[in-house]
Amino acid sequence: MATTDQAATGRTLTTDIPARLDRLPWSRWHWTIVIGLGTVWILDGLEVTVVGNIAGRLSEPGSGLPITSGEVTGIAAALYVAGACIGALFWGRLTDRWGRKRLFMITLAVYLAATALTAVSFDTWWFLLFRFLTGFGIGGEYAAINSAIDELIPAEYRGRVDLIINGSFWVGAVAGSLLSIVALNTSIFAADVGWRLTFALGAVLALAILLVRRHVPESPRWLLIHGRDREAEEIVTSIERRVEAERGEPLARPEGELTIHQRRSVTFLEIGRTVFSRYRRRAVLGFSLFIGQAFLYNAITFGFGAILTTFFDVPSGNTGYYFAVIAIGNFCGPLLLGKLFDTVGRRAMISSTYVLSGLLLFGTAWLFDRGALNATTMTACWCAVLFFASAGASSAYLTVSEIFPMETRAMSIAFFYALGTAAGGISGPLLFADLTETGKVADTVLAFSIGATLMCAAGLVAAFLAVKAERRSLEDIARPLTAAAVAKPKGATSTA
């Protein structure tokens, strides 16, 4: 329940809504949230994988586009990531101001339109433009979706759910790999038709998700901050009734209340002061995690098909088989390790997954340099590396979405995603495309080693700076800027 008093600077509200959300047991309602919001990463995985796998075919005569493989895996990939960075910042600010639901509907619609227009590309500039706009929509999704998920999922399950949802990117990667095998088969589709159908399918899937997403409510936590406590109360009460009806028994009493001074918006100055002064150690952590994972994934993933064709003579139409195997390994990481982030803890799991993936990547680079790998064993090495790297990369999004105050959550996700990804995700594809195109083993080994170094460095930073956020309320991890007082759950401790 919530009570309000009139204050000189706005309404003052005391509420137990955050505690009521956190004490909910897992239910069918939570599955609707996972399906409605989490499935978008499948689209992102589909996009990235398809582009990497069709690069060779697009550069061949008869594809319908006068474009080179380097332009697809280099310029187009970098523009996609640049669009995602700019989109994250643009939509992230609006997500904190306008609400989670409005923005996760708008950003998905932008993605849908842009990927559909990519399918009808008739010239290189058109393809590059709509790759940028597709990324622009996806970037907004990162901020809006991660904010909504963490604010709706109970504290006990938040870590594993967030990791698995972000890891579902690789379900899309598997689909993209298998789809590219069919689409690039010229005995089924003409060379200038198959690759277009892959993008068209992405638009169809986005439309289906958009229809499901209509039933996902606005975040009650966001509504409380913005003076819409009556709506927040109605949403939470409705959820509680559904869960009680499903379980056939009353819910446990919530513990803890929060008093806030409601207001409509937070200035950029307040956001900057909060992130870089009040939580500067957490800011260093966020940058480190995002730069490490962004370089590894955006540099290597976009060019994996080129590695197979250049160094192992794998036909361009068969690269999807190898990538499907790697994608399965990637998804298994968050799926099998996710629960440990809620039980063993954030610090131990984040640091260990980053360091282990970096060390395994160094080993892969050494074997590749010695000529000890073929296409199959290279794929096996990548499965081992990315099993841990995927869990670590997913934890980066979890980390920045839960360690900063409610009022800055979406903008914080957007900010760290944009700067970290710009550092590793824009320079990575451009550098890696150039290195793999040389056909020199040493150049590819160099790219592997850079990615491994950054992952290990990020893991060491996490070992010292990661926040013990497991099973804790978001309001306990980072006190809202509008909060007058926070009642901590039993056994909770403060972590700077």
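Computed from a predicted structure; not experimentally measured. (Residues numbered from 1 in each chain as written. Predicted model: local features only at pLDDT ≥ 70, side-chain atom pairs only at ≥ 80, totals over all residues. Heavy atoms only, no water.)

Draft legend 1. Geometry of helix 5 (residues 100-118). Compared with an ideal rise of 1.5 Å per residue, which puts 19 residues at 27 Å, helix 5 spans 27 Å between its outermost C-alpha atoms and is within 8% of the ideal. Buried within helix 5 are the following residues: R100, L103, F104, T107, L108, Y111, A114, T115 and T118. Buried positions in helix 5, seen along its axis, are confined to an arc of 130 degrees and lie on one side of it. (Helix = DSSP H or I, 4+ residues; strand = E, 2+ residues; numbered from the N terminus. Expected span 1.5 Å × (residues − 1). Buried < 20%, exposed > 50% of the residue type's maximum accessible area, 1.4 Å probe, protein only. Arc of directions from axis to C-beta.)

Draft legend 2. View of the pattern of salt bridges. Enumeration over the complete set of coordinates arrives at 17 salt bridges. The partner of R221 in a salt bridge is D22, and the shortest N-O contact between them spans 3.1 Å. With R221 in helix 10 (residues 220-225) and D22 in helix 1 (residues 17-22), the pair connects residues that are 199 residues apart, well separated along the chain. The pair formed by R221 and D22 is uniform in burial state, with each residue classed as buried. A single network of salt bridges, built from pairs that share partners, joins D16, R20, R23, E233 and E240. (Salt bridge = Lys/Arg side-chain N within 4 Å of Asp/Glu carboxyl O.)

Draft legend 3. Broad picture of the nonpolar core. In terms of nonpolar packing, the biggest core is built from 122 residues, with F312 and W382 touching the most fellow members. Contacts of F312, omitting those with residues within four sequence positions, involve I307, F368, L373, N374, A375 and M378. Membership of the second largest hydrophobic core comes to 15 residues, among which are L65, A76, L184 and F199. (Core = buried A, V, L, I, M, F, W, Y, C linked by side-chain atoms within 4.5 Å. Contact = heavy atoms within 4.5 Å.)

Draft legend 4. Structural context of the packing of helix 2 (residues 28-38) against helix 6 (residues 124-152). In contact at an axis separation of 11 Å, helix 2 and helix 6 are set at 175 degrees when each is read in the N-to-C sense. Between helix 2 and helix 6, the angle is such that the two are roughly antiparallel. When helix 2 is examined against helix 6, the residues W29, H30, I33 and L37 are found in contact with a partner set consisting of I145, A148, I149 and L152. Across the contact of helix 2 with helix 6, the residue classes tally to 7 nonpolar, 1 polar and no charged. (Axes fitted to C-alpha atoms, helices over the stretch in contact; angles between N-to-C directions. Parallel < 35°, antiparallel > 145°, perpendicular 65-115°, else oblique. Nonpolar A, V, L, I, M, F, W, Y, C, P; charged D, E, K, R; others polar.)

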